Amino acid sequence: MKKFLITGILLICFANQTNAFDIKNCIEEISNLQINSKNILSYIKENHLTDKIMSICSSVTCKNINGANIEQEIKDFIKQNIALLKNKDLESALEAELKGFRIDKISINECKN
């Protein structure tokens, strides 16, 4: 029993020293993108980010993304962004709905395989 306790304590100390469980070291932000809401899904699939994606941000809002049902998550993000734009300016909301709106940032988890 003592061996298991000592081994457990050593493993916890080692994990804390190496930051093995610190997800902040894994997050990478992709910015300065030349994509919009109309082509975000194809960008994610072409760059094999489906399993790595954590969040997507526009100038208006950000949304955490679950890779399991990414199509629905992207649709919800677009609807949410357009709804927020409608509250501010109806004309810009209509333009965003027709042409798409700019995606400012994508956060991905680089530690996932």
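Cut-off values and rules
Residues numbered from 1 in each chain as written. Predicted model: local features only at pLDDT ≥ 70, side-chain atom pairs only at ≥ 80, totals over all residues. Heavy atoms only, no water. Helix = DSSP H or I, 4+ residues; strand = E, 2+ residues; numbered from the N terminus. Buried < 20%, exposed > 50% of the residue type's maximum accessible area, 1.4 Å probe, protein only. Disulfide = S-S within 2.5 Å. Pairing = 2+ DSSP bridges. Axes fitted to C-alpha atoms, helices over the stretch in contact; angles between N-to-C directions.

Draft legend 1. Seen up close, unusual backbone geometry. The backbone of Asn 32 shows a phi angle near 55°, a positive value even though the residue is not glycine. Considering the arrangement of structural elements, one finds Asn 32 in the loop between strand 1 (27–31) and helix 2 (40–46). By relative accessible area, which is 66% here, Asn 32 ends up exposed. For His 48, which is not glycine, the phi dihedral falls at a positive 55°. Take His 48: it is sitting in the loop between helix 2 and strand 2 (53–58).

Draft legend 2. Layout of the state of the cysteines. For the structure shown, the criterion picks out 2 disulfides. The side chain of Cys 57 participates in a disulfide bridge whose partner is Cys 62; the two sulfur atoms lie 1.9 Å from each other. Taking the torsion about the sulfur-sulfur bond, which here is approximately 115°, the covalent link between Cys 57 and Cys 62 counts as right-handed. Relative accessible area serves as the criterion here: at 45%, Cys 62 is assigned to the partly exposed category. Cysteines bonded in the protein chain are numbered consecutively along the chain; their disulfide partners then correspond to 1-4, 2-3.

Draft legend 3. Structural view of the sheet that holds strand 4 (residues 103–109). With respect to topology, 4 strands assemble into an open sheet ordered 1-4-2-3, the strand pairing being antiparallel. Edge positions in the sheet fall to strand 1 and strand 3 (62–64), since each of these pairs with one other strand and no more. Pairs of neighbouring strands in the sheet enclose a mean axial angle of 15°, with direction left out of account. Pairing of strand 1 with strand 4, which is carried by 5 bridges, proceeds in the antiparallel orientation. Looking at strand 4, one finds that Ile 30 is bridged to Ile 106.

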